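# Working through the structure, step by step
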Amino acid sequence: IPEAPPPPTTVRSSAEDEEAQAETILREDVREKSEQFIEDRIAALDWQQMQELVAGILRAMGYHATVAADGPDRGVDIFASPDGLGLQEPRIFVEVKHRNGAMGADELRAFLGGRRAGDRCLYVSTGGFTKEARYEADRAVVPLTLITLPRLRELLLQHYEQLDPAARALVPLQRLYWPVE
């Protein structure tokens, strides 16, 4: 019995390889620029708008979030919980620092003061965090998540479709479609 011929193989020319490589580089460049443009839009918000954006993202995630009134906020800019009253856990306390400089361990310790078992904390800093602050967050007795500008962008994009119109208006975005292989 004669053997079946092997299936035909597709051979790509070097020109096709170069074109595919150029497309990959272009796609990556567009993605990186898009991320930077979004971060720039977020960074251009004022401190009140930044608090509203973070609260909007929490609402899009299914929480009831309230921004503290102007004035002394006792170190809590946003309070969120499943029921909005803090009767159901998790009770989420959020501090938002919209600055260029990195936040240090002292600021985190001050924020964590007064938190108790069952509380969860988010510390948003568009300027990032020092190494000491990250260490402090890792060893905190109350769960504390540090959110930087790139992580805030990721959360915004992840929950953008669920944002309320007021939060969307802070960073208006448009979906872009790109061909895939």
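Here's a quick rundown of the structure. Remember, predicted model here, so these are calculated numbers, not experimental data.

## Considering the pattern of salt bridges
Summed over all chains, the structure comprises 14 salt bridges. The partner of arginine 31 in a salt bridge is glutamate 35, with the nearest N and O atoms 2.6 Å apart. Here the residue arginine 31 and the residue glutamate 35 both occupy positions in helix 1 (residues 14-43), the gap between them amounting to four residues, near one helical turn. Residue arginine 31 is classed as partly exposed on the basis of its relative accessible area, which comes to 38%. Judged by relative accessible area, which is 23%, glutamate 35 ranks as partly exposed. A single salt-bridge network, built from bridges that share partners, covers Glu28, Arg31, Glu35, Glu39 and Arg153.

## Quick word on the pairing of strand 3 (residues 91-97)
The element strand 3 is extensively covered by neighbouring structure, given that seven of its seven residues are classed as buried. Here strand 3 shows a buried face lined by Arg91, Phe93, Glu95 and Lys97 and a second buried face lined by Ile92, Val94 and Val96. Inspection of the sheet shows strand 2 (residues 78-81) paired to strand 3 by three bridges, in the antiparallel sense. Paired with isoleucine 78 across the strands is valine 94, a residue of strand 3. Taken together, the seven bridges between strand 3 and strand 4 (residues 119-125) define a ladder with parallel strand orientation.

## Quick look at the packing of helix 2 (residues 47-60) against helix 5 (residues 149-159)
Running from N to C, helix 2 and helix 5 point in directions that differ by 45°, and their axes come no closer than 10 Å. Considering the angle they form, helix 2 stands oblique to helix 5. With respect to the hand of their crossing, helix 2 and helix 5 are arranged in left-handed fashion. Contacts from Met50, Leu53, Val54, Ile57 and Ala60 in helix 2 reach Leu152, Leu155, Leu156 and His159 in helix 5. Broken down by class, the residue content of the contact of helix 2 with helix 5 amounts to eight nonpolar, one polar and no charged.

So, how was this worked out
Residues numbered from 1 in each chain as written. Predicted model: local features only at pLDDT ≥ 70, side-chain atom pairs only at ≥ 80, totals over all residues. Heavy atoms only, no water. Salt bridge = Lys/Arg side-chain N within 4 Å of Asp/Glu carboxyl O. Helix = DSSP H or I, 4+ residues; strand = E, 2+ residues; numbered from the N terminus. Buried < 20%, exposed > 50% of the residue type's maximum accessible area, 1.4 Å probe, protein only. Pairing = 2+ DSSP bridges. Axes fitted to C-alpha atoms, helices over the stretch in contact; angles between N-to-C directions. Parallel < 35°, antiparallel > 145°, perpendicular 65-115°, else oblique. Left-handed = near helix turned anticlockwise from the far one by under 90°. Contact = heavy atoms within 4.5 Å. Nonpolar A, V, L, I, M, F, W, Y, C, P; charged D, E, K, R; others polar.

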